[in-house]
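Working through the structure, step by step
Chain residues, written in single-letter form:
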Amino acid sequence: MAEDRLLLERVLEEDAYQGLGGIRMPLVLRVVAGDEEVYAQKLMVFWCPVVEGMTANVQPVLPGLRVDDVPWPEGEPLELSGPGPFVVTADDVSGLEEHYVVPGLRLQAVNLKEAWEIAWYSTLGEFSLSETGGADFGGQEGRHRVEWEPADGAGAQEVTFWAVVRDGRGGSSWLVRRARWSP
């Protein structure tokens, strides 16, 4: 709060669309310990139910990952060997993508469906695509399939992988997996 007004009220005043499509407010968390500090940011989307059928967003959660069509469990690192590429896929999310309603320009209900995007990260090597999924202008959804290759000349090591899912409405989460890779 500042000037005896809520931050959300100030954000709405600055919003060129006056809340149409939700009020987007980036929140920043700052943690300080001694000489170190870390920042994290999350885009929060606040909605007011303007038309019939508007509901709150449900956080997207990936059901699981696979490597070369083998389930990739959360607990123990997966054993990988060789130069790759290794095919990494997300378990099917189509049944988890929400149908939702937003107000149109004339304040009529517009029905939409999420098309989740997954960003791929690892501590070694690289992915064939940095992001998968989403939908094109025709509504065709992309597949959640990438190939991972370890770095040339790297030695055997444990590698951490992240799959960060975003639903396009401000919701996001991630899965962390580990693998023991050897050349």
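As a starting point, this report considers the structure included with it. (Residues numbered from 1 in each chain as written. Predicted model: local features only at pLDDT ≥ 70, side-chain atom pairs only at ≥ 80, totals over all residues. Heavy atoms only, no water.)

This next bit is on the pattern of salt bridges. Per the counting criterion, the structure on display carries ten salt bridges. Two residues, Arg-66 and Asp-91, come together in a salt bridge whose shortest N-O distance is 4.0 Å. Of this pair, Arg-66 sits in strand β3 (residues 65-67) while Asp-91 is found in the loop between β6 (86-90) and β7 (99-103), placing the two residues 25 residues apart along the sequence. Take Asp-91: its relative accessible area is 23%, and that puts it in the partly exposed class. (Salt bridge = Lys/Arg side-chain N within 4 Å of Asp/Glu carboxyl O. Helix = DSSP H or I, 4+ residues; strand = E, 2+ residues; numbered from the N terminus. Buried < 20%, exposed > 50% of the residue type's maximum accessible area, 1.4 Å probe, protein only.)

What follows deals with the pairing of strand β12 (residues 145-149). Burial along β12 is one-sided: the residues Val-146 and Trp-148 are buried and none of Arg-145, Glu-147 and Glu-149 is. Sheet analysis places β6 next to β12, joined by four bridges and oriented antiparallel. Looking across to β12, one finds that Val-88 is bridged to Val-146. Summarising the sheet, strand β10 (residues 126-127) and β12 pair through two bridges and their orientation is antiparallel. Counterpart to Glu-126 in the pairing with β12 is Glu-149. (Pairing = 2+ DSSP bridges.)

Mapped onto the fold, Asp-167 is located in the loop between β13 (157-166) and β14 (172-182). Comment: no salt bridge for buried Asp-167; closest opposite-charge side chain is Arg-169, at 4.7 Å. Here the side chain of Asp-167 touches Asn-57 through a polar contact of 2.7 Å, side chain to side chain. Looking at Asp-167, its side chain comes within polar contact range of the main-chain nitrogen of Arg-169, at 2.8 Å. Excluding anything up to four places from it in sequence, Asp-167 contacts Asn-57, Val-58, Pro-60, Glu-114 and Trp-116. (Lys, Arg positive; Asp, Glu negative; His and termini not counted. Polar contact = N/O pair within 3.5 Å; in protein donor to acceptor, adjacent residues only side chain to side chain. Contact = heavy atoms within 4.5 Å.)

Another point: the sheet that holds β14. Strand order in this open sheet of five strands is β5-β14-β13-β9-β11, and the pairing throughout is mixed. The open sheet is flanked by β5 (78-81) and β11 (131-133), the only strands paired with a single partner. The sheet shows a mean angle of 30° between the axes of neighbouring strands, direction not considered. Of the strand pairs in this sheet, β5 and β14 are connected by four bridges, and their pairing is parallel. Directly across from Leu-80, in β14, lies its bridge partner Trp-181. (Axes fitted to C-alpha atoms, helices over the stretch in contact; angles between N-to-C directions.)

Read from one edge to the other, the open sheet built from five strands follows the order β4-β3-β6-β12-β10, with strand pairing classed as antiparallel. Both outer strands of the open sheet, β4 (70-72) and β10, are each paired with one neighbouring strand and no more.

Our next topic: the packing of aromatic side chains. All chains considered together, the criterion is met by five aromatic pairs. Note on Trp-120 and Phe-127: the rings are 5.9 Å apart at their centroids and 45° apart in plane angle, and the pair reads as tilted. Side by side, Trp-120 and Phe-127 carry an identical accessibility label, which is buried. The structure contains a cluster of three or more aromatic residues connected by ring pairs, namely Trp-72, Phe-86, Trp-120, Phe-127, Trp-148 and Phe-161. It is Arg-169 that lies over the ring of Tyr-100; its NZ or CZ is 4.0 Å from the centre. (Phe/Tyr/Trp six-rings, centres within 6.5 Å; stacked < 30°, edge-to-face > 60°. Lys NZ or Arg CZ within 6 Å of the ring centre and 35° of its normal.)

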